[in-house]
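Chain by chain, the residues:
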Amino acid sequence: MSDVVLVLNCGSSSLKYQLLHAESARVLASGLVERIGEPEGRVVFEAGEHTVEHTGPIPDHRAGLRAAFDLVRANGLDPATLGIAAVGHRVVHGGEVFYRPTLVTDDVLRTISDLSVLAPLHNPANVIGIESAEQLLPGVPQVAVFDTAFFHGLPAAARTYALDAKVAAAHGIRKYGFHGTSHEYVSGRVAEFLGRDPNTLNQIVFHLGNGASASAIRGGTPIDTSMGLTPLEGLVMGTRPGDIDPGIVPHLVRVAGLDPDDVETLLNRNSGLKGLSGVNDFRELGRLIGDGDAAAKLAYDVYIHRLRRYLGAYMIELGGVDTITFTAGVGENSVEVRADALAGLERFGIAVDPARNAVRAREPRVISPEGAEVTVLVVPTNEELAIARAAFGLVTGS
Ligand code: ADP
């Protein structure tokens, strides 16, 4: 049996795909489809250094996946004859129901769709992605890998909101956590890279991409994470505020006259770095700060302040930390964020070595000084590989 897996990550108007060998991690092709449903869509194919792109209308996800397949075929790879062992789907919300990689059946698909009440911006797109893949690759097992799964077993004290317990229970309101595939993969890589038994490590992981989250992991098991019922809670993100006073929401409704959809748009698309500075991309934020833009500097300071608040909280929750790891776009690339997030913490055994921090590499690396009490690392995440391995493991029973 071939170990080639197609990994799909569908958003509301985009999809990302990767064709890879689950065992060797070798990527055959990857790419994305953007602006689905808009007048001018875009399809990108990448294999090694080779990149091709097409633009044109893409009415829906099925057409998007077909366009991606066409481009893959035009570049010498035929999805129909590769012997794809499984399609691994990143599914955002598994609710209380799904916390393992799950073979998609009609019932499973219906339940994922029902869970859209908890993730209205994400699960509907995941359902469409699964249906599209079933149509284009009939007979190939479809496996759902849930972004919430890793955090399913959070301790009750960490997962419970102090709301009216009956209301919370009636509506599935608890902390679920997201980016779980990344936190699990990265914390596993840390133990592997350091040659340590994961059971002996207290870890804090910062996944800092467009979305951002932190987790506290004891002996391989998460004990807390910053995202909640939805991916809005926690750290400051590209376009989301992270933690805010919940009283702001009724205030916006009553005083500013916003309806629930307006509030959702404000919190998901127009807040965070973008809300404060006008830009959500960290590189642009850096350029603005370099030009002396005060709003951009404030956005950066708020971002760092929130990171440090979570760092402190998780150090105490864990009762001491062995490793602090940065991952995803900002975490892997921003020398400044890593330095500023951990500045002045020498009395806690935490320091960043400037020369090590400045190194650019695609491999895991330590950036704390030799012999430091707390090991600080940069570990590139690879959610596609983790999903491919989970899907392949499920269909091969390994
Ligand atoms: P997503 O959540 O969309 O998967 P990524 O993990 O790709 O996001 O992270 C995107 C973020 O990473 C963007 O804010 C981008 O500006 C930032 N980023 C990428 N490269 C760099 C870099 N060299 N320096 C600073 N930030 C970077």
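Residues numbered from 1 in each chain as written. Predicted model: local features only at pLDDT ≥ 70, side-chain atom pairs only at ≥ 80, totals over all residues. Heavy atoms only, no water.

### Observations regarding the site of the ligand
- All residues in the neighbourhood of the ligand are listed as Gly209, Asn210, Gly211, Asn280, Asp281, Phe282, Arg283, Ala328, Gly329, Val330 and Asn333.
- In the environment of the ligand, an oxygen atom lies 3.4 Å from a nitrogen or oxygen atom belonging to the backbone of Arg283.
- Within the contact set of the ligand, an oxygen atom lies 3.3 Å away from a backbone nitrogen or oxygen of Val330.
- Contact with the protein chains covers 70% of the free accessible surface of the ligand, which is 580 Å².
- For the shell around the ligand, the secondary structure elements donating two or more residues are α10 (282–290) and α12 (328–333).
- Looking at the shell around the ligand, its residues break down into 3 nonpolar, 6 polar and 2 charged. (Near = heavy atom within 4 Å. Polar contact = N/O pair within 3.5 Å; in protein donor to acceptor, adjacent residues only side chain to side chain. Areas by Shrake-Rupley, 256 points an atom, 1.4 Å probe, with all protein chains shown as cover. Helix = DSSP H or I, 4+ residues; strand = E, 2+ residues; numbered from the N terminus. Nonpolar A, V, L, I, M, F, W, Y, C, P; charged D, E, K, R; others polar.)

### What about empty space enclosed by the protein?
- If you walk through the whole model with that rule in mind, you get 1 cavity of 30 Å³ or more.
- One number sums up the size of the largest cavity: a volume of about 30 Å³.
- Contributions of two or more residues to the lining of the largest cavity are made by β1 (4–10) and α15 (383–396).
- The dominant element in the lining of the largest cavity, judged by the number of residues it contributes, is α15, at 3 residues.
- When grouped by side-chain class, the residues that make up the lining of the largest cavity number 2 nonpolar, 1 polar and 3 charged. (1 Å grid on protein atoms, 1.4 Å probe; cavity = no way out; pocket = protein on both sides within 12 Å on 5 of 7 lines; lining within 4 Å. Points joined across faces, edges and corners; volume = space filled by probe spheres on them.)

### Quick word on helix α8 (residues 260–269)
- Looking at α8, one finds that the buried residues are Val263, Leu267 and Asn268. Viewed end-on, α8 has its buried residues packed into an arc of 115°, placing them on one side of the element.
- The N-cap of α8, judged by a side-chain oxygen 3.0 Å from the amide nitrogen of Asp261 a few residues on, is Asp259. (Buried < 20%, exposed > 50% of the residue type's maximum accessible area, 1.4 Å probe, protein only. Arc of directions from axis to C-beta.)

### Here we look at the sheet that holds strand β10 (residues 212–218)
- Strand order in the open sheet made by the 6 strands is β11-β10-β9-β12-β14-β13, with mixed pairing throughout. The sheet terminates laterally at β11 (221–225) and β13 (365–366), the two strands that pair on one side only.
- With 4 bridges joining them, β10 and β11 adopt antiparallel strand pairing. Looking at the pairing, Ser215 lines up with Thr225 of β11.
- Here helix α6 (residues 180–194) sits on the sheet in contact with β9 (202–208), β10, β12 (323–327), β13 and β14 (375–378), set at roughly 130° to β9.
- Across the sheet, helix α11 (residues 294–318) touches β9, β10, β11 and β12, and the angle it forms with β9 is around 160°. (Pairing = 2+ DSSP bridges. Contact = heavy atoms within 4.5 Å. Axes fitted to C-alpha atoms, helices over the stretch in contact; angles between N-to-C directions.)

### Notes on the pairing of β10
- Of all the 7 residues making up β10, 6 are buried; the element is thus mostly covered by neighbouring parts of the structure.
- Note that β9 and β10 share 7 bridges and pair antiparallel. For Asn202, the partnering residue across the bridge sits in β10 and is Arg218.
- Taking the residues that link successive antiparallel strands as the turn, the β9-β10 hairpin has 3 residues.

### Some points on the layout of surface pockets
- Of the volumes computed, that of the second largest pocket is approximately 930 Å³.
- Taken together, 27 residues make up the lining of the second largest pocket; nearest its centre are Leu229, Thr230, Leu232, Val249 and Leu267.
- Looking at the lining of the second largest pocket, its residues break down into 19 nonpolar, 5 polar and 3 charged.

### Topic: the UniProt feature "binding site: Mg(2+)" (unreviewed entry) in the protein chain
- UniProt tags Asn9 and Glu383 as "binding site: Mg(2+)" (unreviewed entry). Spatially, the listed residues are clustered: although they cover 375 residues, their C-alpha atoms lie within 9.9 Å of one another. The subset of these annotated residues that lines the largest cavity comprises Asn9 and Glu383.
- Note on placement: Asn9 falls in strand β1.
- What Asn9 contacts, discounting residues up to four positions off in sequence, is Ser14, Leu15, Lys16 and Arg90. (UniProt positions renumbered as here; feature names shortened; annotations may be inferred.)

### Structural notes on the nonpolar core
- Counting residues in hydrophobic clusters, the biggest one holds 42 residues, and the most contacted among them are Phe206, Leu208, Tyr303, Leu307, Ile324, Val337 and Leu342.
- Secondary-structure elements contributing two or more residues to this core are β9, β10, α10, α11, β12, α13 (335–341) and β14.
- In this structure Leu307 touches Phe206, Leu208, Leu235, Val337 and Ala341, once residues within four positions along its chain are discounted. (Core = buried A, V, L, I, M, F, W, Y, C linked by side-chain atoms within 4.5 Å.)

### Side note on the pairing of β9
- Counted residue by residue, β9 has 7 buried out of 7 residues, so it is predominantly covered.
- Going residue by residue along β9, you find Asn202, Ile204, Phe206 and Leu208 tucked away on one face and Gln203, Val205 and His207 tucked away on the opposite face as well.
- Here β9 runs beside β12; their pairing, made up of 5 bridges, is parallel. Residue pairing for β12: Ile204 is matched across the bridge by Ile324.

### Some details on the packing of aromatic side chains
- Under the criterion given, the structure shown has 6 aromatic pairs.
- Ring centres of Phe206 and Phe326 lie 5.7 Å apart, and the angle between their planes is 25°; on these two criteria the pair is classed as stacked. Within this pair, whereas Phe206 is found in strand β9, its partner Phe326 is found in strand β12, the two being separated by 120 residues in sequence. In terms of burial, Phe206 and Phe326 fall into one category: buried.
- Ring centres of Phe282 and Tyr300 lie 6.3 Å apart, and the angle between their planes is 65°; on these two criteria the pair is classed as edge-to-face. Taken together, the residues span a long stretch of sequence, with Phe282 in helix α10 and Tyr300 in helix α11 at a distance of 18 residues. Comparing Phe282 with Tyr300, the two get one shared label, buried. (Phe/Tyr/Trp six-rings, centres within 6.5 Å; stacked < 30°, edge-to-face > 60°.)

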